[in-house]
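Tertiary structure, described
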Amino acid sequence: MIGEVREFHHHGGNRGPLYHGADKIDKEPTSEEKAASWFYSKSLGGGSLLDYMGYGTTLGTWHLGGRKPIEVTCTWDETPGLEVDEHAVAVIRYATGLSKTETRWGTFTDPWTHQPQPSAALC
């Protein structure tokens, strides 16, 4: 109804995979818990980039009618003491322009409990 979608922007994330106990009870993970978890293991596919970036790129492909990117550039943080990222940003170039996806472990609240601003309904 509004015309061709030319770009998309996706922001995904949460406090981190170990911050949610049973029944979504918040907890602060120790460095030992992070070291023992596959979420924080590079060789086992951990990190926010691999955890959340797929959601943004899948939604982008859907919104753009299945178009494939021409080029993808990504950068991520390197948190001291961790072997995986907790924050990553990708810029994706399509024939119609640039799009962006961002993923973050380390939000202030759990988005399933407290809706971040702006709410998804307003985007």
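Notes on the structure in this doc start here.

Here is what the cut-offs are and how they apply
Each chain has its residues counted from 1, running along the sequence as written. Two thresholds apply to this predicted model, a pLDDT of at least 70 for residue-level local features and 80 or more for giving and counting side-chain atom pairs, whereas whole-chain, interface and lining totals are computed over all residues. Side-chain metrics in this entry use all non-hydrogen atoms of the structure; hydrogen atoms and water are not considered. Runs of H or I in DSSP of at least four residues are treated as helices and runs of E of at least two as strands, each being numbered from the N terminus. Partly exposed describes any residue whose relative accessible area lies between the buried limit of under 20% and the exposed limit of over 50%, with all areas from a 1.4 Å probe on protein chains only and scaled to the type maximum. Contact between two residues is taken to exist if any of their heavy atoms lie within 4.5 Å; hydrogens are not considered. Per-residue and other accessible areas were derived by the Shrake-Rupley procedure at a 1.4 Å probe size, with only the shown protein chains allowed to occlude residues. Under the convention used throughout, the expected extent of a helix is 1.5 Å for every residue step, that is, one less than its residue count. Consider a residue and the seven residues that end there alongside the seven that start there; fitting an axis to each set, the bend is the angle between those axes. Strands qualify as paired when DSSP identifies two bridges or more between them. Each axis is a line fitted through C-alpha atoms, and for a helix only the stretch in contact is used; angles between axes span 0 to 180 degrees, taken between their N-to-C directions. A cavity, in this analysis, means grid points on a 1 Å lattice covering only the protein atoms where a 1.4 Å probe fits yet has no way out; a pocket is instead an open set bounded by protein on both sides within 12 Å along at least five of seven lines, and a residue lines either one if it has an atom within 4 Å of a point. Grid points are joined across faces, edges and corners, and a volume is the space filled by probe spheres set on the points.

Before going further, it helps to examine the overall build of the protein. For the protein, the helix and strand inventory stands at two helices and four strands. Its helices and strands in sequence order give the protein the pattern β-α-α-β-β-β, from N to C terminus. Buried residues in the protein amount to 31% of all 123 residues. Looking at the protein alone, contacts between residues at least 24 apart form 59% of all its contacts between residues at least 6 apart. Surface summary for the protein: the accessible area is close to 8300 Å², and the carbon and sulfur share equals 59%.

Moving on, we come to helix α2 (residues 48-63). Over its 16 residues, α2 runs 22 Å from end to end, which matches the ideal 22 Å to within 8%, given 1.5 Å per residue. For α2, the principal kink sits at Gly54 and spans about 25°. Residues Ser48, Tyr52, Met53, Gly56 and Gly60 constitute the buried set of α2. Those residues of α2 hidden inside the fold are in contact with β1 (9-14), β3 (87-94) and β4 (97-105). Directly after α2, the chain includes Gly65, whose backbone phi takes a positive value near 65°.

The next point concerns the sheet that holds β4. The four strands lie next to each other as β1-β4-β3-β2, forming an open sheet whose pairing is mixed. The open sheet is flanked by β1 and β2 (71-76), the only strands paired with a single partner. The sheet shows a mean angle of 10° between the axes of neighbouring strands, taken without regard to direction. Across six bridges, β1 lies against β4 in parallel orientation. Counted as the bridge partner of Gly12 is Thr103 from β4. With respect to the sheet, α2 is in contact with β1, β2, β3 and β4, its orientation differing from that of β4 by roughly 145°.

Taken as a whole, the second largest pocket spans an internal volume of roughly 210 Å³. Around the second largest pocket sit Lys42, Gly46, Leu49, Leu50, Trp76, Asp77, Glu78, Leu82, Glu83, Val84 and Asp85, which together line it.

What follows deals with the pairing of β3. In regular strands, side chains alternate between the two faces of the sheet. Burial of β3 is one-sided: the residues Ala88, Ala90, Ile92 and Tyr94 facing one way are buried, the residues His87, Val89, Val91 and Arg93 facing the other way are not. Pairing between β2 and β3: six bridges, direction antiparallel. Bridge assignment links Val72 to a residue of β3, and that residue is Ile92. Alignment of β3 against β4, held across eight bridges, turns out to be antiparallel. Bridge pairing links His87 to Arg104 in β4. As consecutive antiparallel partners, β3 and β4 are separated by two residues.

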